[in-house]
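# Examining the three-dimensional arrangement
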Amino acid sequence: MLIRDANATDVAAILAIYNDAVLHTTAIWNETPVDAANRAAWLAARKAAGMPVLVSEDSHGVVTGYASFGDWRPFEGYRHSVEHSVYVRHDCRERGIGRALMEALIVRARTLGKHVMVAGIDAANVSSIALHAKLGFREVGRLPEVGTKFGRWLDLVFLQLTLDARRDPDAPPRQG
């Protein structure tokens, strides 16, 4: 498996993975599929903001998943925190792709000097919560019935990973 930065030629694969999650899962709480222009604009906006979009490829060069992060909130005081997303193609799950994408994304966040990575996960998605726990994320909050999809209420679980050991937010990041 290869993990690399996404480019414009990956938009169709990212679109297919995204729309499958929209239509068939509660990993994304959107209910309306998007078009290629939407995903191309999303990719361009992430790159313009200096945020990574990574894709995984199998040995045949087929995109099997993608991951990214963006600002946690749009205020300056949150500049050291990011929220991530990771999606794996429906027929490629349970093969370690999500973990590989997450590990690469965590490295990118540390390289960019981020301090905290946040995950917002449907409480019923126990496999994603377990994966995050294995990667060092800890649950920091639950919000009952804040979302809806497929005719039912959804609970949101927040998990976070502290990426560095700095005490002073203006100091350079340090590991440990």
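See the structure shown above.
So, here's what we can say about the structure.

Conventions and cut-offs
Starting afresh in each chain, residues are numbered from 1 along the sequence in its written order. Since the coordinates come from a predicted model, pLDDT governs what is reported: local features require at least 70, and pairs of side-chain atoms require 80 or more to be given and counted, while whole-chain, interface and lining totals use all residues. In computing side-chain values, all of the structure's heavy atoms are included and hydrogens and water are not. We count a stretch as a helix when DSSP gives it H or I for four or more residues in a row; a strand needs E for two or more, and each element gets its number in order from the N terminus. Between the two quantities, the radius of gyration covers C-alpha atoms and the globule rule is 2.2 Å times the number of residues to the power 0.38. Three exposure classes are used, based on accessible area relative to the maximum for each residue type with a 1.4 Å probe and protein chains only: buried under 20%, partly exposed in between, and exposed over 50%. Working rule for contacts: check all heavy atoms of both residues, and any pair within 4.5 Å makes them a contact. Charged residues are defined narrowly, with Lys and Arg counted positive, Asp and Glu counted negative, and His plus the chain ends left uncounted. Charged side chains are reduced to one point each, which is NZ for Lys, CZ for Arg, CG for Asp and CD for Glu. Should DSSP find at least two bridges between two strands, the strands are taken to pair. To get an axis, fit a line to the C-alpha atoms, keeping to the stretch in contact for a helix; angles then go from 0 to 180 degrees between the N-to-C directions. Any two rings among Phe, Tyr and Trp, with Trp reduced to its six-membered ring, count as a pair given centres within 6.5 Å; such a pair is stacked if its planes are under 30 degrees apart, edge-to-face if over 60, and tilted if neither. The rule is short: NZ of Lys or CZ of Arg within 6 Å of the ring centre and within 35 degrees of the ring normal puts a charge over the ring. A helix's residues, less one, multiplied by 1.5 Å, set its expected span. We define a salt bridge as a side-chain nitrogen of Lys or Arg found within 4 Å of a carboxyl oxygen belonging to Asp or Glu.

## Digging into the overall build of the chain
The helix and strand tally for the chain stands at four helices and seven strands. Along the chain, from the amino end to the carboxyl end, the secondary structure elements read β-α-α-β-β-β-α-β-α-β-β. Computed over its C-alpha atoms, the radius of gyration of the chain comes to 16 Å, within 12% of the 16 Å expected for a compact globule of 176 residues. Projected onto the principal axes, the alpha-carbon positions of the chain cover approximately 45 × 35 × 30 Å. For the chain, the residues scored as buried account for 42% of the 176 residues in total. A separation of at least 24 residues holds for 60% of the contacts in the chain among residues at least 6 apart in sequence. Placing the 21 positive and 20 negative side-chain charges of the chain at their respective mean positions leaves the two points 4 Å apart.

## Some details on the sheet that holds strand β4 (residues 81–88)
Strand order across the open sheet formed by seven strands is β1-β2-β3-β4-β5-β7-β6, with mixed pairing between neighbours. A strand with exactly one partner marks an edge of an open sheet, and here the two such strands are β1 (2–5) and β6 (138–149). Geometrically, the sheet is characterised by an average inter-axis angle of 25° between neighbouring strands, direction not taken into account. Note that strand β2 (residues 53–57) and strand β3 (residues 63–71) share five bridges and pair antiparallel. Within the sheet, the bridge partner assigned to Glu57 lies in β3 and is Val63. Each of β4, β5 (116–122) and β7 (152–162) touches helix α4 (residues 126–134); the most contacted strand, β5, lies at about 160° to it.

## Here we look at the environment of Val22
When you line up the elements, Val22 lands in helix α1 (residues 11–24). What Val22 contacts, discounting residues up to four positions off in sequence, is Ile28, Asn30, Glu31, Thr32, Pro33, Lys149 and Phe150.

## Considerations on the packing of aromatic side chains
Overall, the coordinates contain four aromatic pairs when judged by the stated rule. For the pair Tyr66 and Tyr87, a centre-to-centre distance of 5.4 Å together with 45° between the ring planes defines the contact as tilted. Within this pair, whereas Tyr66 is found in strand β3, its partner Tyr87 is found in strand β4, the two being separated by 21 residues in sequence. Judged by relative accessible area, Tyr66 falls into the buried class, the value being 1%. Arranged with centres 6.3 Å apart and planes meeting at 50°, the rings of Phe75 and Tyr78 form a pair that is tilted. Taken together, the aromatic side chains of Trp42, Tyr66 and Tyr87 make up a single cluster linked through ring pairs. One Lys or Arg, Arg39, reaches over the ring of Tyr18 and ends 4.1 Å from the middle of that ring.

## So, the environment of Thr32
Note on placement: Thr32 falls in the loop between α1 and α2 (36–48). Residues Thr32 and Gly141, spaced 109 residues apart in sequence, show a C-alpha to C-alpha distance of 27 Å.

## Focus on α1
Between its first and last C-alpha, α1 extends 20 Å over 14 residues, near the 20 Å set by a 1.5 Å rise per residue. Those residues of α1 lying buried are Val11, Ile14, Leu15, Ile17, Tyr18, Asn19, Asp20, Ala21 and Val22. Tucked inside the fold, the buried residues of α1 contact α2, β2, β3, β4 and β6.

## Concerning the pattern of salt bridges
According to the stated counting rule, one finds nine salt bridges in the structure shown. For Arg4, the salt bridge is made with Asp10, and the minimal N-O distance between the two is 2.7 Å. Residues Arg4 and Asp10 agree in their burial class; the two are buried. Between Asp5 and Arg108 there is a salt bridge, with the nearest N and O atoms lying 2.8 Å from each other. With a gap of 103 residues between them, Asp5 in strand β1 and Arg108 in helix α3 (residues 97–111) connect regions that are remote in the sequence. Assessed through its relative accessible area of 38%, Asp5 is described here as partly exposed.

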